[in-house]
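Topology and contacts: notes
Single-letter residue listing:
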Amino acid sequence: MLFQVFPILLLIALLDLFPVRLLSGEEYSGSLAGILILLLAYGTIPALYGITLSSMINHFRKADFRPSQISLFQLLAAQGRYVLCFFGVHLMIQMIDGTSIYLQAGIGALTFSLLFMLLGELGKKANGNIPVRHNLVIKLKELTVPIVLCTVIVPHFLEHLSLGYMLHETVYILFILFFVIFFSYGYIRQVELRRRGIEEFIRIGELRISNRLKGHGHNVGVICEHLLELLGYPKKNRADLVNMATMHDIGKIMLPLDILTKRGALSLSEERQYQSHPVYSADIVLNITGDKQMSNWLLYHHERYDGKGYPSKLQAKEIPYESRIIYLCDQLEYLMRHFSQDEEVIRRLKGMSHKELDPELVSHIHVDTVACLRQHMLYTDIGSITELNSVIEHDKKHRELSSITGGTRLLKYQGTDSLRVHSDVSFTVLQDLEVLAERALVLSESFYEVLISQGNTYEAHFYPESDWVAIVLNDITPALQYREELHINTLRAYKDVISKLSHSKIDICLEPDEIRNELGEWMDEMEVNTRADVSSSRTLAVQHIPTEIQKQGSKKVMNIKLAVSEAVTNLIKHAEEGRIAVYRKNGRYQIYITDHGSGIPLHELPKTILVSGYSSKSSLGKGFALMYTLADRIMLHTSSEGTAILLEFNEVWEQVS
């Protein structure tokens, strides 16, 4: 008999050793069909051989065939589970003995799969406090695969029990199985590589923002994958949702770095800019995948259950289910990163239920869940030396500025007109404070805003309580004046240094009007926004070159074209928009170029004059050095509001010996 059943035992072993792995993560070996063949054709003893062989192979495979990972208790427990299921099948088949072989195969597969699933759920209940009924509907649907498989294959084998046929069918099935496994594993490998690529891309983005965020995307993906198992989320969509959870913050790479790295509360304008990152995330995903549904998962992943989220203030079931899952995973990762006690994490998570988070989703997270997740997550030491130094430096600067502030007031908003008692604050500012305090009560969030009134600038911080708002109002007018004076003094110092180094060829202007007062007769102008405008700017300059300059030859004309090209190219690199204008005054041809960028670092300019070929990405670099060589005179004004540069060319070429 052993010789006769050997091909079937071999088939069971190979099917268990090389199960077909689906994209959902589920594995099917089909070995149950071989066990039913043994039971129906040869009886209980050969079938027990098959059961024992199958359970041992599965246990060893899950332990990666490492002796140190194999537990004798778990092996015996798995064997007992298989045997219990087998005897259940044996009893059911005895009850329907004499009926159709198709019915016996189907009932046997149903009984074994159902008992195997229920015993597994009872084990999860004992080990992880997961309800037996959890995910039951999904698992019942999955039973259709082994039932259909056994109903088709088992009767076919039972009709041909000869040894030759068994060997032929075994070889044929193994041949087909080889190609299925080969292509399925290749496809799965590509999917895994894609996910690793996403995680690496997100990791690089996180490092750009802060070392403290390293691993955030990976951790959220891990939490999402675990939570989807608890929720019974359809396996065919799990990979997509886990990938979206991993890259949920990808839109932050589009935000200015100073907003992402700023310590303390954001101003309202900064907050609005920060809240745009889900829109950027959605746009990036839509461009990559073309899937509008997945794009919406990220678009709404910061919506709150109580309707106070962004960008659309959706609430409860209006928020896509997947977006609620991603937001829960994001918040859970934050809590786990900042609180080492699992009980504290659960306490705070439950406190967010019905407010930020969907209470139904929160109910699936327990202390054991958090403990399990910590084993698979990446963390970075929050108190790194580099960032600690930046905090110390930030505090030092704060102390320096605090000595030149115009005073601080602590106000208490308790409703309309409750602030009017502060007569030393202008009426306009009080009105603005009341509007913003009401906003703080509605959102239940701290923030700050900058207010300007009657020549004074205030920084107002809002701290909402249950029915009132504490307001800290700082008059920062003296600090801004101090900063402006510091900037003027810096300009004055560089003005003298650069004027001497350039033999008065370069003039650093303290005020933009100094340049405007030097302009002569207007001739033409155009806006500069894109690289295509470099050529147009060059053409504009050439069209109006005075006849006196053109007579001097093509070299002088080429100097003007090169200087204009360098100036406009630098404008496009370092600013968002600008303008070029052409003037003529007292024998001088003037090219006036302005932009609305963040200004240029003046400390780089002496190096461009003294050091040949010097270039810095943060300054005008080689471009300025070339302009300095080609133009007869340069006037420059720069500040945080923009840069203005005037290039002058003498209409009479002065020969230099």
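Our structure's up above, just so we're on the same page.
To keep things clear, this report deals only with the structure shown in the data block. (Residues numbered from 1 in each chain as written. Predicted model: local features only at pLDDT ≥ 70, side-chain atom pairs only at ≥ 80, totals over all residues. Heavy atoms only, no water.)

1. Topic: the pattern of salt bridges
- All told, the structure shown has 21 salt bridges when counted by the stated rule.
- Where Glu344 meets Arg347, a salt bridge forms, and the shortest distance between an N and an O atom there is 2.7 Å. In this pair, Glu344 and Arg347 both sit in helix H16 (residues 342–351), three residues apart, roughly one turn of the helix.
- A salt bridge links Glu648 to Arg588; the nearest nitrogen and oxygen atoms lie 3.1 Å apart. One end of the pair, Glu648, is in strand S12 (residues 642–650); the other, Arg588, is in strand S10 (residues 588–595), with 60 residues separating them in the sequence.
- Relative accessible area serves as the criterion here: at 1%, Glu648 is assigned to the buried category.
- Accessibility expressed as a relative area gives 17% for Arg588, which makes it buried.
- Within this structure, Glu518, Arg588, Arg633 and Glu648 form a network of salt bridges that share partners. (Salt bridge = Lys/Arg side-chain N within 4 Å of Asp/Glu carboxyl O. Helix = DSSP H or I, 4+ residues; strand = E, 2+ residues; numbered from the N terminus. Buried < 20%, exposed > 50% of the residue type's maximum accessible area, 1.4 Å probe, protein only.)

2. Quick word on unusual backbone geometry
- A cis amide bond links Tyr310 with the next residue in sequence, Pro311, at an omega value of 15°.
- Position of Pro311 relative to the elements: it lies in the loop between helix H14 (292–299) and helix H15 (321–338).
- Positive phi outside glycine occurs at Ser504, with the angle close to 65°.
- Considering the arrangement of structural elements, one finds Ser504 in the loop between helix H21 (477–501) and strand S7 (506–508).

3. Thoughts on a nonpolar patch on the surface
- Among the surface-exposed residues, Leu17, Phe18 and Phe65 lie close enough to one another that they form a single nonpolar patch of about 290 Å² accessible area.
- With respect to the helices, strands and loops of the structure, Phe65 is situated in the loop between helix H3 (44–62) and helix H4 (72–95).
- The class for Phe65 is partly exposed, based on a relative accessible area of 47%. (Patch = residues over 30% accessible without salt bridge, like charges linked within 9 Å, V, L, I, M, F, W, Y side chains within 5 Å. Areas by Shrake-Rupley, 256 points an atom, 1.4 Å probe, with all protein chains shown as cover.)

4. Brief notes about the sheet that holds strand S3 (residues 408–413)
- As summarised here, the arrangement of the four strands in space is S3-S6-S5-S4, forming an open sheet in which the pairing is antiparallel. If you trace the sheet from one side to the other, it starts and ends with S3 and strand S4 (447–453), each paired once. Sheet twist, expressed as the average angle between the axes of neighbouring strands with direction ignored, equals 25°.
- Of the strands in this sheet, S3, S4, strand S5 (456–464) and strand S6 (469–475) touch helix H20 (residues 427–443), which is tilted by about 165° from S4. (Pairing = 2+ DSSP bridges. Axes fitted to C-alpha atoms, helices over the stretch in contact; angles between N-to-C directions. Contact = heavy atoms within 4.5 Å.)

5. Some details on the nonpolar core
- Counting residues in hydrophobic clusters, the biggest one holds 39 residues, and the most contacted among them are Ile325 and Leu332.
- When contributions to this core are tallied by element, the ones reaching two or more residues are helix H9 (216–231), helix H10 (238–246), helix H13 (277–289), H14, H15, H16, helix H17 (359–362) and helix H18 (367–374).
- Not counting residues up to four positions away in its chain, the partners in contact with Leu332 are Ile223, Val345, Leu349, Ile365, Val370 and Leu373.
- By size, the runner-up hydrophobic cluster in this structure holds 37 residues, among which are Ile506, Val534, Met627 and Ala631. (Core = buried A, V, L, I, M, F, W, Y, C linked by side-chain atoms within 4.5 Å.)

6. With respect to the packing of helix H2 (residues 31–42) against helix H7 (residues 144–158)
- Their axes nearest at 9 Å, the elements H2 and H7 cross at an angle of 45°. Classified by the angle their axes make, H2 and H7 are oblique. For H2 against H7, the interelement crossing comes out right-handed. Residue-level inspection shows Leu32, Ala33, Leu36, Ile37, Leu40 and Ala41 of H2 in contact with H7, the latter providing Pro146, Cys150, Ile153, Val154, Phe157 and Leu158.
- Partitioned by chemical class, the residues of the contact of H2 with H7 number twelve nonpolar, no polar and no charged. (Parallel < 35°, antiparallel > 145°, perpendicular 65-115°, else oblique. Left-handed = near helix turned anticlockwise from the far one by under 90°. Nonpolar A, V, L, I, M, F, W, Y, C, P; charged D, E, K, R; others polar.)

7. Digging into the sheet that holds strand S8 (residues 521–528)
- The six strands lie next to each other as S7-S11-S12-S10-S9-S8, forming an open sheet whose pairing is mixed. Since the sheet does not close on itself, it has two edges, and those belong to S7 and S8, each with one partner. When strand polarity is set aside, the average angle formed by the axes of neighbouring strands in this sheet is 15°.
- Of the strand pairs in this sheet, S7 and strand S11 (residues 633–639) are connected by three bridges, and their pairing is parallel.

8. Looking at the pairing of strand S9 (residues 578–585)
- As paired strands, S8 and S9 are joined by seven bridges and run antiparallel to one another. When the bridges of S9 are listed, Val528 appears paired with Gly578.
- Direction of pairing for S9 relative to S10: antiparallel, over a ladder of eight bridges. Paired with Lys585 across the bridge in S10 is Arg588.

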